[in-house]
Amino acid sequence: MIFCIEDDKEILGLELYTLETAGFEARGFSDSAAFWEALRGELPQLILLDIMLPMEDGVSILKKLRGNSATADIPIIMATAKGSEYDKVIALDSGADDYLVKPFGMMEMVSRIKAVLRRSTPKRAASVLRRGNIAMDKARHFVSVGGEEIRLTLKEYELLQIFMENPNQVFSRDRLLSAVWGVDFLGGTRTVDVHLGTLRTKLGDAGSVIETVRGVGYRMAVRDE
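Residues numbered from 1 in each chain as written. Predicted model: local features only at pLDDT ≥ 70, side-chain atom pairs only at ≥ 80, totals over all residues. Heavy atoms only, no water.

### A closer look at the environment of Arg173
With respect to the helices, strands and loops of the structure, Arg173 is situated in helix α7 (residues 173-181). When residues no more than four places from it in sequence are discounted, the contact partners of Arg173 are Thr189, Val192, Asp193, Thr212, Val216, Gly217 and Tyr218. Side-chain polar atoms of Arg173 contact the side chain of Asp193, separated by 2.7 Å. (Helix = DSSP H or I, 4+ residues; strand = E, 2+ residues; numbered from the N terminus. Contact = heavy atoms within 4.5 Å. Polar contact = N/O pair within 3.5 Å; in protein donor to acceptor, adjacent residues only side chain to side chain.)

Written out as structure tokens, the structure is:
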């Protein structure tokens, strides 16, 4: 899945049509609010991100993505204004994998996307975590159980990543709440319980490895390490 963020609806429609014709799945967003909402339910394989956007500009979005462990490794291509050297430098310095200068051809866009995805392949091989029959590909943001893909929300993914990276370590509810929702989150620790409940359900029988430690919190019990 490729996410395209572009406020010009004609350009966005052309991008989506071209990507789907080239064999990719794609979703489009004309502003940051719609993009962030979609990101809570699905993590894309790559993001094509325009710099000039209403409400929140592309560089701000890029920095937030790179600052979040769940989205930090998603390949990102920035669309910059013609002749704006400053935009290119800022985009690359902020963590973009590549950039396209507007107006760009659709075939060039597809070529750049394929090239960035190829370059990200070595990272994927090194970023796959396996605990029992649960596998997490952090580069692709892909989770599977016994080889079958499991669809997780962003928060469920972040919780699972904490456990996958720290097997057998016990985490209190407060610690999980702070790590995933942030120190300024006003909700209670019940939020952690609810999300872990849905995560276990989605993982099926494999979800039993996430154990409740009575009076403390949770841990991923891995006995084959």
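### A closer look at the sheet that holds strand β12 (residues 217-220)
On the basis of which strands lie adjacent, the open sheet formed by 3 strands has the order β10-β12-β11 and antiparallel pairing. Pairing within the sheet leaves two strands with one partner each, and these edge strands are β10 (171-172) and β11 (210-213). Both β10 and β12 contribute to a ladder of 2 bridges, which runs antiparallel. Note on β12: the bridge partner recorded for Ser172 is Gly217. Sheet contacts for helix α8 (residues 190-203): β11 and β12; angle to β11, the most-contacted strand, approximately 145 degrees. (Pairing = 2+ DSSP bridges. Axes fitted to C-alpha atoms, helices over the stretch in contact; angles between N-to-C directions.)

### A look at the nonpolar core
Across soluble globular proteins, nonpolar side chains show a tendency to be buried alongside one another. Counting residues in each nonpolar core, the largest one holds 50 residues, and the members touching the most others are Phe35, Ile47, Leu49, Ile134, Leu160, Leu176 and Leu196. With 7 residues, helix α6 (residues 154-165) is the largest single contributor of residues to this core. Counting 19 residues, the second-largest nonpolar core is a separate cluster that includes Leu12, Leu48, Leu100 and Ile113. (Core = buried A, V, L, I, M, F, W, Y, C linked by side-chain atoms within 4.5 Å. Buried < 20%, exposed > 50% of the residue type's maximum accessible area, 1.4 Å probe, protein only.)

### What about helix α4 (residues 85-93)?
Looking only at α4, the buried set comprises Asp87, Lys88 and Ala91. Down the axis of α4, the buried set is contained in an arc of 100 degrees. They therefore lie on one face. With respect to the buried face of α4, the exposed residues turned more than 90 degrees away are Glu85, Tyr86 and Asp93. If you follow the buried residues of α4, they end up packed against α3 (58-66), β4 (76-80) and β5 (98-101). Once α4 finishes, Gly95 follows within two positions and takes phi at roughly 115 degrees, a positive value. (Arc of directions from axis to C-beta.)

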